[in-house]
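Secondary and tertiary structure notes
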Amino acid sequence: FDLGGVSVRVLHAPGHTRGHSALLVEPDGVLYLGDVDLSSFGPYYGDAWSSLDDFERSLTNVRTVDVRWYATFHHVGVVEGRPAFVERLDRYAAVIADRERRLVAFLAEPRSLDEIVAHRFVYRPQDPVPFADPVERRSMGQHLHRLLAAGRVREVEPGRFRTA
């Protein structure tokens, strides 16, 4: 979009949702990250149209954008400079691997998806979040699917999964 002296380029950044985008404002050197919020909560991919794999690709893609400011929609606000952005982005992205690591450890014993949901990997068990169960089911279901495909987890009986 040419706004007369300022242009805004839309960068497709799916994962949070299918149509999620980042906005690159030039020549001002701002990347508006939207729901890539860089918070300690980590990436949110718990909606019906979220994709864990797309989110990881989008995080890799936004990492390549070198601007002066990186703006988030939630919590963090504006991060100045690429080194600070990359540091925050790495911590943010590491939440995905941590969730998966904890899931693999939890599956040392056979568990159902309902047990995985009840354990809470996205939200803290003590937090009264009314929509936690569907988010846990969708988010951890994506991890479970990926782990099954990679052979790191196996279905030991119908609906029960264990680390391979």
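Structure: see above.
Described in the following lines is the structure provided in the data block. Keep in mind it's a predicted model, so treat the numbers as computed, not measured. (Residues numbered from 1 in each chain as written. Predicted model: local features only at pLDDT ≥ 70, side-chain atom pairs only at ≥ 80, totals over all residues. Heavy atoms only, no water.)

1. Things to note about the pairing of strand β2 (residues 21-26)
Stated formally: Here the rule is simple: two strands pair whenever DSSP picks up at least two bridges between them. Strands here mean DSSP runs of E at least two residues long; helices mean DSSP runs of H or I at least four residues long; both are numbered from the N terminus.
As defined by bridge partners, strand β1 (residues 7-12) adjoins β2 across six bridges and the pair is classed as antiparallel. The residue bridging S7 from the neighbouring strand is E26, located in β2. Joining the antiparallel neighbours β2 and strand β3 (residues 30-34) is a turn of three residues, in which G29 adopts a positive phi near 75°.

2. Regarding helix α4 (residues 132-149)
What counts here: By definition here, a helix of n residues has an expected span of 1.5 Å times n minus one. Each residue is placed in one exposure class: buried if its accessible area under a 1.4 Å probe, protein chains only, is under 20% of its type's maximum, exposed if it is over 50%, and partly exposed if it falls in between. When checking whether two residues touch, look at their non-hydrogen atoms; a contact exists if any pair is within 4.5 Å.
Taking 1.5 Å of rise per residue, the 18 residues of α4 would be expected to cover 26 Å, and the 25 Å separating its terminal C-alpha atoms lies within 8% of that figure. Of the residues making up α4, those classed as buried are A132, V135, E136, S139, M140, Q142, H143, L144 and L147. The secondary structure elements touched by the buried residues of α4 are α1 (52-63), α2 (82-106), α3 (113-119), β7 (153-157) and β8 (160-163). After α4 finishes, the residue G151 shows a positive phi value of roughly 80°.

3. Considerations on the pattern of salt bridges
Quick note on the threshold: Think of a salt bridge as a Lys or Arg side-chain nitrogen and an Asp or Glu carboxyl oxygen that are within 4 Å of each other.
Scanning the model with the defined rule gives 14 salt bridges in all. Ionic pairing is found between D98 and R102, a salt bridge with its closest N-O pair at 3.1 Å. Linking D98 with R102, this pair stays in helix α2, spanning four residues, or about one helical turn. On the accessibility criterion, D98 (30% relative accessible area) is partly exposed. A relative accessible area of 27% places R102 in the partly exposed class. The residue R152 makes a salt bridge to E100 at a minimum N-O spacing of 3.7 Å. Of this pair, R152 sits in the loop between α4 and β7 while E100 sits in helix α2, and the two are 52 residues apart along the sequence.

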